[in-house]
Number of protein chains: 2
Amino acid sequence: MKRIADSTVRRLSIYLRFLEEFEERGLATVSSEELARRGGTTSAQVRKDLSFFGSFGKRGLGYSVPELLTALREILGLGREWRVIIVGAGKIGAALAQYRGFRQRGFQIIAAYDTNPEKVGRPLEGVQVRDMAQLETDIARDRPDIAVLAIPSDNAQAVLDRVVKAGIKAVLNFAPAQLHAPADVTVKAVNMAMELEGLSFALTNRE
Amino acid sequence: MKRIADSTVRRLSIYLRFLEEFEERGLATVSSEELARRGGTTSAQVRKDLSFFGSFGKRGLGYSVPELLTALREILGLGREWRVIIVGAGKIGAALAQYRGFRQRGFQIIAAYDTNPEKVGRPLEGVQVRDMAQLETDIARDRPDIAVLAIPSDNAQAVLDRVVKAGIKAVLNFAPAQLHAPADVTVKAVNMAMELEGLSFALTNRE
DNA sequence: TCGCGCTTGTGAATTCGTTCACAAACTAGC
DNA sequence: GCTAGTTTGTGAACGAATTCACAAGCGCGA
Ligand SMILES: NC(=O)c1ccc[n+]([C@@H]2O[C@H](COP(=O)([O-])OP(=O)(O)OC[C@H]3O[C@@H](n4cnc5c(N)ncnc54)[C@H](O)[C@@H]3O)[C@@H](O)[C@H]2O)c1
Ligand SMILES: NC(=O)c1ccc[n+]([C@@H]2O[C@H](COP(=O)([O-])OP(=O)(O)OC[C@H]3O[C@@H](n4cnc5c(N)ncnc54)[C@H](O)[C@@H]3O)[C@@H](O)[C@H]2O)c1
């Protein structure tokens, strides 16, 4: 399949959110124009994004909301449950463990890991906190799909190496560190400090 | 000034982080090649990024670590303190309020706001939680530069409209909602659900 | 002081992503 | 069934971002 741009995938996520809203409101169809207006893009962009995956609309009519919803879920791989582990049972780890939005979309948090003996054993927002020493054997047994790193920067690369070696192919990193992984492993980062610096730049360099 | 691409600004943030590390380790100079290797990009990219803002290196030698550090801080607008308010004293709001990394880089959290009367008045991780009713008068008085939205999606657009009307020009949004603001207001989003969906897509569509 | 090796800074070439523009396909009304 | 009015799907045109490639500048050692 042709390589799909990152920006396209992110927009598909956005469209999906709108479609869920439209379905709730009982709308039967939606046009690329409407999706574009909401998503802050253009109708041509919406159609192009979808065209990479097939032909989902009806000319003269638009897209059937339930059909496009199903198609987008399929494309994004949300037709199944994903098993997620959280490494680092701190503030961010706790916020994520408690967050209902993830489970709603099929991301099931199966366990958290920490090095701190005080945290190990105690549940974190209903999620079991296990010792880092178990990480490899647990991964071999539970076969999680995704690892979320919510640990300090210093340890992030070392822990990434461990989960990759154990067979994990997708990682979401919250530490403000640039991590390196083999090409067959996808690493995404949520870097709040970087976003704030982007705001600082924008505030500073406005004409 | 020529418009600077978002991707360039994000990379400058990354370079800045490496330079801080190099300074700590006492390194005097660094080459574009070294910065590129760490940042997962190319040396030409590093030099091009910097060239938009001036000429900071010495041919044959590389960049002086302290000089480039100063230059990058200047470019990103980190030479001053930014005043930040957090709207929404929930899990995410609390994690941010407590996070030391922000203050370290000059982002000073001056207050948090919430609608929940149980939260108003009590400090949140050392930050005062105020009533949303005060928002506009407080903004007029305290003149914060940046508003962080850590509230449910449903209210995000309405609250954005309020802070924009009160004069805020930079917003960081954590709600999984597509927000619209006037052109002179910069809105950045941290959307964890979207990143997870990106991982789901990558896991699903690998050949 | 000269030459060599190294690294920057930057136009030019290329690649990648977005927008344009229009034929094709559909609905609805008559 | 025909026409008018929509909206899709997609090559082609465009624009933005990245990579190439090399002249110019600098340090060092002879
Ligand atoms: N809190 C925020 O608002 C915020 C914002 C931006 C970025 N971050 C980043 O997110 C990461 C986590 O932040 P936090 O606020 O949750 O920190 P935290 O200190 O609350 O939690 C970190 C947890 O990781 C555990 N840990 C440390 N080393 C570990 C290892 N090698 N293996 C397993 N567990 C380990 C610690 O015991 C602790 O429980 C950090 O990298 C931080 O820079 C946090
Ligand atoms: N917790 C997570 O891990 C996580 C992950 C991804 C996204 N998010 C998003 O971040 C946002 C905040 O999440 P959270 O987990 O902190 O939620 P939370 O429920 O813990 O906190 C939300 C807070 O906002 C307050 N609030 C509600 N409406 C308000 C309004 N109009 N004005 C001011 N305050 C208001 C509530 O009283 C509450 O204290 C949500 O949009 C959520 O979807 C959270």
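Right above here is the structure, for reference.
Quick caveat: nothing in here was measured; it's all calculated off a predicted structure.

Asks: Which residues make up the interface of chain A and chain B, and what values do they have?
Replies: Across the boundary between the two partners, chain A contributes 61 residues, which contact 61 residues of chain B. Taking the shortest distance from any N to any O, the salt bridge between Glu125(B) and Lys91(A) comes out at 2.5 Å. Linking chain A to chain B there are 21 residue pairs in polar contact (both at pLDDT 80 or more). When residues of the side of chain A that touches chain B are traced back to their parent elements, those giving at least two are helix 1 (6-24), helix 2 (32-39), helix 4 (65-76), helix 5 (91-98), strand 9 (170-173), strand 10 (186-189) and helix 9 (192-204) of chain A. The greatest single-element share of the side of chain A that touches chain B, amounting to 13 residues, is contributed by helix 9 of chain A. Looking at the side of chain A that touches chain B, its residues break down into 33 nonpolar, 13 polar and 15 charged.

Asks: Quick one: what's the story with the protein's contact with DNA strand C, residue by residue and with numbers?
Replies: Around DNA strand C, a shell composed of 24 residues is seen, among which Arg59(A), Ser32(B), Arg47(B), Ser55(B) and Tyr63(B) lie nearest. Here Ser32(B) contributes a side-chain N or O atom positioned 2.6 Å from a phosphate oxygen of DNA strand C. Between Phe56(B) and DNA strand C, the recorded distance is 3.1 Å, taken from a backbone N or O atom to a phosphate oxygen. Going through the elements one at a time, helix 1 and helix 3 (43-51) of chain A together with helix 3 (43-51), strand 2 (57-58) and strand 3 (62-64) of chain B are the ones with two or more residues in the surface near DNA strand C. Broken down by element, the residue count for the surface near DNA strand C peaks at 4 residues, all from helix 3 of chain A. Along the lines of polarity and charge, the residues of the surface near DNA strand C split into 5 nonpolar, 11 polar and 8 charged.

Asks: Explain the site of ligand 1 to me, and be specific about the residues and the numbers.
Replies: Contacts to ligand 1 come from 25 residues, most closely from Ile92(A), Asp114(A), Lys119(A), Ile151(A) and Tyr99(B). More than one chain approaches ligand 1, the contributing ones being chains A and B. One of the backbone N or O atoms of Lys91(A) is found 2.9 Å from an oxygen atom in ligand 1. Burial of ligand 1 by the protein amounts to 85% of the accessible area it has alone, namely 820 Å². Those elements that provide at least two residues to the shell around ligand 1 are helix 5 and helix 8 (153-165) of chain A together with helix 5 (91-98) of chain B.

Asks: Mind laying out helix 2 of chain A, listing which residues take part and the relevant values?
Replies: All names here are of chain A. Considered for burial, the residues of helix 2 that qualify are Ser32, Leu35, Ala36, Arg38 and Gly39. What you see down the axis of helix 2 is that its buried residues fit within an arc of 165 degrees, all on one side. Against helix 1, strand 1 (29-30), helix 3, strand 3 (62-64) and helix 4 lie the buried residues of helix 2. Immediately beyond the C-terminal end of helix 2, within one or two residues, lies Gly40, with a positive phi of roughly 65 degrees.

Scoring rules and cut-offs
- Residues numbered from 1 in each chain as written.
- Chains lettered and ligands numbered in written order.
- Predicted model: local features only at pLDDT ≥ 70, side-chain atom pairs only at ≥ 80, totals over all residues.
- Heavy atoms only, no water.
- Contact = heavy atoms within 4.5 Å.
- Salt bridge = Lys/Arg side-chain N within 4 Å of Asp/Glu carboxyl O.
- Polar contact = N/O pair within 3.5 Å; in protein donor to acceptor, adjacent residues only side chain to side chain.
- Helix = DSSP H or I, 4+ residues; strand = E, 2+ residues; numbered from the N terminus.
- Nonpolar A, V, L, I, M, F, W, Y, C, P; charged D, E, K, R; others polar.
- Near = heavy atom within 4 Å.
- Areas by Shrake-Rupley, 256 points an atom, 1.4 Å probe, with all protein chains shown as cover.
- Buried < 20%, exposed > 50% of the residue type's maximum accessible area, 1.4 Å probe, protein only.
- Arc of directions from axis to C-beta.

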